[in-house]
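Descriptive structure summary
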Amino acid sequence: LLKQWLRDLAEPLIPTELYEEAIKIAKSIKDEDPKLTKSVIDGFVTQLPALNQKVLEHICTLAGKIADLSSVNKMTYSNLAIVFAPGFLRNPSEDPAEMLENSKYETAFTNHLLQAVA
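All of the points below concern the structure found in this document. If you're wondering where the values come from, they're calculated on a predicted model, not measured in any experiment. In this numbering scheme, every chain counts its residues from 1 along its sequence in written order. In keeping with the model being predicted, local features are shown solely for residues with a pLDDT of at least 70 and side-chain atom pairs are shown and tallied solely at 80 or more, while totals for entire chains, interfaces and linings include all residues. Derived side-chain values reflect all non-hydrogen atoms in the structure, with water molecules and hydrogen atoms excluded from consideration.

1. Considering the packing of helix H2 (residues 19-28) against helix H3 (residues 34-45)
The geometry of a pair of packed helices is captured by two quantities: the angle between their axes and the separation between those axes. Two elements in contact, H2 and H3, have axes whose closest approach is 11 Å; the angle formed by their N-to-C orientations is 180 degrees. Comparing their axes, H3 and H2 come out roughly antiparallel. Of H3, the residues touching H2 (which contributes Glu21, Ala22 and Ile25) are Val40, Ile41 and Phe44. To define axes, lines are fitted to C-alpha atoms, for helices over the stretch in contact only, and angles between the resulting N-to-C directions are given on a 0 to 180 degree scale. Secondary structure elements are taken from DSSP: a helix is a run of H or I of four residues or more, a strand is a run of E of two residues or more, and numbering for both begins at the N terminus. Working rule for angles: under 35 degrees goes down as roughly parallel, over 145 as roughly antiparallel, 65 to 115 as roughly perpendicular, anything else as oblique. The contact criterion used is simple: two residues touch if any of their non-hydrogen atoms lie within 4.5 Å.

Laid out in structure tokens, this is it:
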């Protein structure tokens, strides 16, 4: 139900004008220092509208509680990112090749976002 609600939003949780920045962040973060990753993500989140920040905070808190039980439910942050990425980010491009290429970065960004904000 939550996933459907996110997909039905007129504007995605991460506004379209911030899409490219989110992809750049995902491409730049490898297995860096977690504190640095959190700092980068926190800086990104401050650019979101206040309402989007609040919604994101609540979803990430819920995701954290679900991920805490991943030994039972198998829903790790990586798996949760696969579920939530399409609702958080929408590629403005109509090019199928670009959409396919960016989908892995959308998931990676969402994974970092869920962990940093949770």
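2. Remarks on the side chain of Asn111
Looking at where Asn111 falls in the secondary structure, it is placed in helix H7 (residues 96-117). In this structure the side chain of Asn111 is engaged in a polar contact, spanning 2.6 Å, whose partner is the side chain of Gln115. Those residues in contact with Asn111, other than ones at most four positions away along the chain, are Tyr77, Ser78 and Ala81. For this analysis, a polar contact is any N or O atom pair within 3.5 Å, provided that within protein one partner can donate a hydrogen and the other can accept it, and provided that sequence-adjacent residues contribute only side-chain to side-chain pairs.

3. Description of the packing of aromatic side chains
Each pair of aromatic rings taken from Phe, Tyr and Trp, with Trp reduced to its six-membered ring, is defined by centres within 6.5 Å and is described as stacked if the planes are under 30 degrees apart, edge-to-face if over 60, and tilted in the remaining cases. Taken as a whole and assessed by the stated rule, the structure comprises two aromatic pairs. A ring pair is formed by Phe44 and Phe109, whose centres lie 5.0 Å apart and whose planes are at 75 degrees; its orientation type is edge-to-face. Highlighted residues: Phe44 in helix H3 and Phe109 in helix H7, separated in sequence by 65 residues. Judged by its relative accessible area of 0%, Phe109 is buried. With a centroid separation of 5.7 Å and an interplanar angle of 25 degrees, the aromatic rings of Phe84 and Phe88 are classed as stacked. Of this pair, Phe84 and Phe88 both sit in helix H6 (residues 77-88), four residues apart, which is roughly one turn of the helix. We classify Phe84 as buried; its relative accessible area is 7%. Overall, Phe88 belongs to the buried group, its relative accessible area being 0%. Here Lys27 stacks its cationic end above the ring of Tyr105, 5.1 Å away from the centre of that ring. For each residue, the accessible area found with a 1.4 Å probe, counting protein chains only, is set against the maximum for its type, and the residue is called buried under 20%, exposed over 50%, and partly exposed in between. Here, a charge over a ring is recorded when the distance from Lys NZ or Arg CZ to the ring centre is within 6 Å and its angle to the ring normal is within 35 degrees.

4. Structural notes on H7
For a helix, the expected span equals 1.5 Å multiplied by the residue count minus one. In this model, H7 (22 residues) spans 30 Å end to end at C-alpha, consistent with the 32 Å of a helix rising 1.5 Å per residue. If you look at H7, its biggest bend is around 35 degrees, right at Asn102. Those residues of H7 that sit buried are Asn102, Tyr105, Glu106, Phe109, Thr110, Asn111, His112, Leu113, Leu114, Ala116 and Val117. In this fold, the buried residues of H7 make contact with H2, H3, helix H4 (50-68) and H6. The bend at a residue is defined as the angle formed between two axes, one fitted to the seven residues ending at that residue and one fitted to the seven starting there.

Without other data, these values stay purely geometric and don't point to any function.
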